Amino acid sequence: MPFQSVAPKYVYTPLNHLKDGTVVNLYGIVKFFKPPYVSKGTDYCSVVTLVDPSNVKLTCTLFNGNLDSLPKIYKVGDIVRFHRIKIKEYNGQMQGITGVGFASLTFDGTVGAPVVPRSSSKVYTFMDEEQKTIEELRVWAASNLSISGPAAKLSGVRPMLFFDLTCQLVGKAKVDGSSFLLKVWDGTKCPYPTWKVPVEARDLEGEKVVLHQLRNLTVDVLVYDNHVQLAKSLKIGSFLRIYSIHTKQASAVDEDVSHIEFHLHGGTCYGRGIGVLPESNLDVKELKKFFLILDLESYLQRCQQLPVTVLTDHQDLNNTELKTILNSTAPQQYRIRAKLRTYKPQKLYQSIKLYCSKCNSLQEVPDGDDFDFILQGSAVTAPNPELHNTSWYDSVMWTTQDQKQRKIAIHFVKHDEMLQQPEDTLLMIEGGTLKEVWKLTKRFKCVIPVRSTEDDLELLDPSAPFLLQGNIKYYGCKQCSTPKPIKSLSSIAAEQRPSWEPTEIAQVLGIVPLQYVFIMKFTLVDATGALNVYLFDYENFFQIPASEILTNNSLQQKMQMTMNMLCPPGRKLDDLPWLECFIKSYNVRDAMTHQVYYQIFDTTVAEGVV
DNA sequence: GATTAGGCTTGG
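Note that the structure is predicted; figures quoted are calculated from it, not measured.

(A) Representation of the protein's contact with DNA strand B. Lys34, Asp225, Ser244, His246 and Tyr270 are the nearest of the 30 residues found near DNA strand B. The share of sugar and phosphate among atoms of DNA strand B within 4 Å of the protein is 37%. A distance of 3.2 Å separates a base nitrogen of DNA strand B from a polar atom in the side chain of threonine 49. Within the side chain of histidine 246, a nitrogen or oxygen atom sits 2.6 Å from a base oxygen of DNA strand B. The set of elements that each furnish at least two residues to the surface near DNA strand B consists of strand 3 (44-51), strand 4 (57-64), strand 6 (93-107) and strand 12 (239-249). Among the elements that take part in the surface near DNA strand B, strand 4 stands out by supplying four residues, more than any other. Looking at the surface near DNA strand B, its residues break down into 11 nonpolar, 12 polar and seven charged.

Printed below as a string of structure tokens:
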């Protein structure tokens, strides 16, 4: 009889036909996976959830003492072929588990990509028929599944997210028993200041020259617990995908260095883990291509040269050296390119002031105690019942139960003779405490603290806010305001759709409102000299409204981070970034003195470097 | 030869 080589004919079971206690062959598209990690037993473990055109899911728990014998899955959407997988019922659901003779092939799930199997065994069958199956599954997945993994480049990271990072390992170091440091890069620059984990120089593994050269492009990833063992075994220079990295924003505002931290927390939730990518991987090829064309010297220089602030206008102007500006008469306007050597105030919340655009005066933002004191003082005057329930507001009054027997009145302003929804309502309060006023601002659109006179309600002391909206207290200028009777408000209440804009409320009440501004002094330097320049900004420069910064922690952190980008702490002048600014000079004269001042205009913080 | 894990984020 002539020798015949017959490839075994495999039968593949759709995921909706799986039965407890069987051993089957199957195809599936990866919907979720945990890259192989060291289990608590003797093997590596990988958990893989598949789906197929029957729309049934199957979670498989795969074990093997040999890393290479587990499926080489790199991303959600990959397609796998499993041979001889055991099906068991667990918690009322079918579950796949490795058994004797388990073998797998993995394919890229992209429609049109070459169909190249990644095998977990040396010998396998793969023919035209299988090729066709893969292509059909790709097409089905493309139109029936939404697979967009959380990938990101370092240039695109934001604080507080989880994402998968494809990168190259540049350095590694032990930190302590439960954590390990990986220094990685992906060729792009993280726009935020990043955390540098302190380690002993002798513990840091990696090419010294490369580590130094890439010092501003690498980020420190701290991996914990179960990931430490695998991290230790990684080879410098290898390409990695770190799954579900967490970008954490350093929380302490008063810390002088706020930054982004990269953590790979312990455990394997959400597929947290580290995978080594082979050189043949498409994403790796992409990265290597990018690294190759990257002329590192000039690239690093360019990163250094790109300004961290940019002009919003006057692009056509040429730069002027600081020395020239210092030797010129005012007023004039200039475009400059300089470095921020230092700035004041260093405590950023101190940069917030109140500004009157009518009399040009500046003042400190009063603190809560001042307001509390004024409220206490006004609570002495009892609400006048004759002023309650008018044509344009409804009133309620009660007396507190404590021994103070304080009388509180709230007047709800009506619209069209009707009360509005709380979130649209303006109310006036008499006799409330600071805490009570704050509580009301949470529920109602506007709160105006008032007190009774004989014939109308009136605003409190001019140093108290005339209006509270959301988190913001609005103040009026003492010099410029001439308060009008409260009943002037009824004209807004009668409008078709009262918007309760603070400026409009101020106007009818005869108040000239103060505006929240950032005032800072920048000391800018270039090769020719140094110049003190004022920043006076409502929100254009930082892209943060000055009015919100005092009551918003995360905005304060954002501002601190921005300042750290413009003027990174602890750097030499050479390593400071460039700022591109538009400034104008102006004269300030009085009887005795004449001085030239400089102010930043039409300049904003750049979106991100690179 | 059994065990491992059996998806579902944030502490350091």
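(B) Inspection of the packing of aromatic side chains at higher detail. For the structure on display, the rule yields 16 aromatic pairs. On the basis of an interplanar angle of 35° and a centroid distance of 6.4 Å, the ring pair of tyrosine 10 and tyrosine 12 is categorised as tilted. Accessibility expressed as a relative area gives 23% for tyrosine 10, which makes it partly exposed. What makes tyrosine 12 partly exposed here is its relative accessible area of 24%. Their ring planes at 65° and their centres at 6.0 Å tell us that phenylalanine 522 and phenylalanine 541 sit as a pair that is edge-to-face. Residue phenylalanine 522 is found in strand 26 (residues 515-526), and its partner phenylalanine 541 is found in the loop between strand 27 (529-537) and helix 11 (546-549); the two are separated by 19 residues along the sequence. For phenylalanine 522, a relative accessible area of 0% corresponds to the buried category. According to the relative accessible area criterion, phenylalanine 541 is buried, its value standing at 1%. Through successive ring pairs, a cluster of aromatic residues spans Phe518, Phe522, Phe541 and Phe542. If you follow lysine 339 out to its NZ or CZ, it ends over the ring of tryptophan 578, 4.8 Å from the centre.

(C) Fine view of the pairing of strand 3. Extensive coverage of strand 3 is indicated by the burial of seven of its eight residues. Where strand 2 (residues 37-38) and strand 3 come together, two bridges link them in antiparallel fashion. Within strand 3, the position partnered with tyrosine 37 by the bridge is cysteine 45. Note that strand 3 and strand 4 share eight bridges and pair antiparallel. Residue valine 47 lies in a different strand from strand 4, and its bridge partner there is threonine 61.

(D) Fine view of the environment of glutamate 364. Mapped onto the elements, glutamate 364 comes out in strand 18 (residues 362-364). On the basis of relative accessible area, glutamate 364 is assigned to the exposed category, the value being 51%. C-alpha of glutamate 364 to C-alpha of glutamine 350: the two residues are 14 residues apart in sequence and 8.7 Å apart in space. Leaving out residues up to four positions away in the same chain, glutamate 364 has contacts with Lys353 and Leu354. Of note is the side chain of glutamate 364, whose polar atom sits 2.9 Å from the side chain of lysine 353.

(E) Representation of the nonpolar core within the structure. Core analysis: the largest hydrophobic core is formed by 66 residues, its most contacted members being Met428, Ile448, Leu489, Ile505, Phe522 and Ile583. Those residues in contact with methionine 428, other than ones at most four positions away along the chain, are Trp392, Tyr393, Ala409, Ile410, His411, Val413, Ile448, Val450, Leu457, Ile486 and Leu489. With 31 residues, the next largest nonpolar core counts Phe33, Leu50, Leu70 and Leu277 among its residues.

(F) Geometry of unusual backbone geometry. Residue proline 331 is reached from alanine 330 by a cis peptide bond, and omega for that bond is -5°. With respect to the helices and strands, proline 331 occurs in the loop between helix 6 (322-326) and strand 16 (332-344). In this structure, proline 345 follows lysine 344 across a cis peptide bond, with omega equal to -5°. Within the secondary structure, proline 345 is located in the loop between strand 16 and strand 17 (352-355). One non-glycine residue, aspartate 225, lies in positive phi territory at about 50°. Within the secondary structure, aspartate 225 sits in the loop between strand 11 (219-224) and helix 3 (226-232). Located in the positive-phi region is asparagine 360, a residue other than glycine, with phi close to 60°. If you trace the backbone, asparagine 360 turns up in the loop between strand 17 and strand 18.

Conventions and cut-offs
Residues numbered from 1 in each chain as written. Chains lettered and ligands numbered in written order. Predicted model: local features only at pLDDT ≥ 70, side-chain atom pairs only at ≥ 80, totals over all residues. Heavy atoms only, no water. Near = heavy atom within 4 Å. Polar contact = N/O pair within 3.5 Å; in protein donor to acceptor, adjacent residues only side chain to side chain. Helix = DSSP H or I, 4+ residues; strand = E, 2+ residues; numbered from the N terminus. Nonpolar A, V, L, I, M, F, W, Y, C, P; charged D, E, K, R; others polar. Phe/Tyr/Trp six-rings, centres within 6.5 Å; stacked < 30°, edge-to-face > 60°. Buried < 20%, exposed > 50% of the residue type's maximum accessible area, 1.4 Å probe, protein only. Lys NZ or Arg CZ within 6 Å of the ring centre and 35° of its normal. Pairing = 2+ DSSP bridges. Contact = heavy atoms within 4.5 Å. Core = buried A, V, L, I, M, F, W, Y, C linked by side-chain atoms within 4.5 Å.

Keep in mind these numbers describe shape, not what the thing actually does.
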